[in-house]
Amino acid sequence: METLADLAAGFSVALTPTNLMFALLGTLLGTAIGVLPGLGPALTIALLLPITFKVDATGAFILFAGIYYGAMYGGSTTSILLNTPGESATIITSLEGHKMAKRGRAGAALATSAIGSFVAGTIGTIGITFLAPVVVELALKFGPAEYFCLMVLAFVTVSAVLGNSAVRGLTSLFVGIWLGFIGIDMQTGQPRFTFGLLELLDGINVIVVAVGLFAVGETLWLASRHAHGKDELLPLSGSLWMTRDEWKRSWKPWLRGTGLGFSIGALPAGGAEIPTFLSYYIERKLSKNPEEFGKGAIEGVAGPEAANNASAAGVLVPMLTLGLPTSATAAIMLSAFQSYGINPGPLLFETQATLVWGLIASLYIANVMLLVMNLPLVALWVKILAIPKPWLYAGILVFATIGTYGISQSVVDLLLLYAVGIAGYFMRRFDFPTAPVIIGMILGPLAEQELRRALTISQGDMTVFLTRPLSATLLALALLALVGPQLWKLLAKRS
């Protein structure tokens, strides 16, 4: 009952005219960004991070959450009509969705995607509502040793999940940790890695790095590939409504995809890619029409799209309750929390109850807005694909430059912005994931702080991490996540 009372208070916050406007703006912008191939919620939220210096925290996070949910909805449009996934999580959608579009069933593919996204998003938000307080109660039992080991687990799993190579992922992570250590050591008062520059004594603003990697770096990467050919946009054909048979074949994949997406997204090693791939293969195994897979099976669109949107809700659970981002977008949102001086974690629900429950309530509202907008206005979203890409890329760079300069009016920040952006381009070029940099930059100093606290309490005894059952279990899971995939590949080769 207490949870329902908190949620009701959240709706009183989310339903104010200003916050409704932020929710509408976020869903509109998120859908538009999701439709544009190559762009995504992480880039968009990174570009908007400078507004955290002007807009109140509740309104900003309602806007960011609307963008996150909206981009998950909109990403299916390019996958189905253009066969160009805007996000890695929508790769699977293009396998069957584009085939349906070629058969003249693009409308039905978009409809099952939109309705499945609504079902998954709503159930996932219900999951946040009732699961988050339970996780908070468990997290309150953690001490410094457990928190440090939990962050080690997050470092390893996120670096492995977000990259194609654990080595590349961990390399990106350590670069981020190094960036987070730049500045004055708060415990000893000594400058670290400042190279004698006074401007670095306060450290590097995480917003500058986030915008550099996800806005400047991503834009340079997309612009460099602009001349690699033009994709064929299929016309929006067929009825926008599904037949009775298509409804019958979609509702079970929606529910199965929702269960997979939310449960995996809520794990410290979560994300959207794994549940969408699992959903596709499960639907292929369970389908009564397996011969249609590869030719345009509607189950191959319904299940993965539901898993994709449910995982977006699941990712918010560890971010809000433990302060652990498990996706690029969550990492950017965590940096926004830091801009407001707010540290997500188990105490967030007590110290920032209005913000948290207002945000959760806004997710219900955003889901309804997205369903109303996506089905009737799908023809309008398709027209966005006609925007000339050079104009789009130039606009992103201009907004990134103005926003970054507006934070501190520092030329050094602008130089850092484009230095990080160029580094981000080369990271994309050589397949180094960029999200672990932000995760390392945010969580690195926090992990150091918990490590120092644990060693202070244990009087320098390093075995404290192994003698406490929970911390030892978390370290064992981290070790398993690091060496497990390599051992699995080795055993598979021998067999």
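Data block above holds the structure.
Residues numbered from 1 in each chain as written. Predicted model: local features only at pLDDT ≥ 70, side-chain atom pairs only at ≥ 80, totals over all residues. Heavy atoms only, no water.

At a minimum axis separation of 11 Å, helix H4 (residues 57-81) and helix H13 (residues 328-339) run at an interaxial angle of 175°. Between H4 and H13, the crossing angle belongs to the class labelled roughly antiparallel. Mapping the contact onto sequence places Phe-61, Phe-64, Ala-65 and Tyr-68 in H4 and Thr-329, Met-333, Ala-336 and Phe-337 in H13. Split into classes, the residues belonging to the contact of H4 with H13 amount to seven nonpolar, one polar and no charged. (Axes fitted to C-alpha atoms, helices over the stretch in contact; angles between N-to-C directions. Helix = DSSP H or I, 4+ residues; strand = E, 2+ residues; numbered from the N terminus. Parallel < 35°, antiparallel > 145°, perpendicular 65-115°, else oblique. Contact = heavy atoms within 4.5 Å. Nonpolar A, V, L, I, M, F, W, Y, C, P; charged D, E, K, R; others polar.)

Bringing unusual backbone geometry into the picture now. One non-glycine residue, Asp-431, lies in positive phi territory at about 65°. Along the chain, Asp-431 turns up in the loop between helix H18 (411-429) and helix H19 (435-457). Using a relative accessible area of 36% as the deciding quantity, one classes Asp-431 as partly exposed. The phi torsion at Gln-459 lies on the positive side, around 55°, for a residue other than glycine. Structurally, the position occupied by Gln-459 is in the loop between H19 and helix H20 (464-467). A relative accessible area of 76% places Gln-459 in the exposed class. (Buried < 20%, exposed > 50% of the residue type's maximum accessible area, 1.4 Å probe, protein only.)

Next up on the list: the nonpolar core. If you look at the biggest cluster of nonpolar residues, it comprises 124 residues, and the most contacted ones within it are Phe-61, Phe-64, Ile-128, Val-209, Phe-214, Ile-332 and Ile-438. With sequence-adjacent residues up to four places away left out, Ile-128 is seen in contact with Tyr-69, Pro-133, Phe-262, Ala-313, Leu-316, Val-317, Ile-360 and Leu-363. Core analysis: the second largest hydrophobic core is formed by 19 residues, Ile-80, Leu-81, Trp-254 and Leu-375 among them. (Core = buried A, V, L, I, M, F, W, Y, C linked by side-chain atoms within 4.5 Å.)

Moving on: helix H6 (residues 106-139). At Leu-131, H6 shows its largest bend, some 35°, and a proline, Pro-133, comes one to four positions later. Most of H6 is tucked away: 24 of the 34 residues are buried. (Bend = angle between axes of the 7 residues up to and from the residue.)

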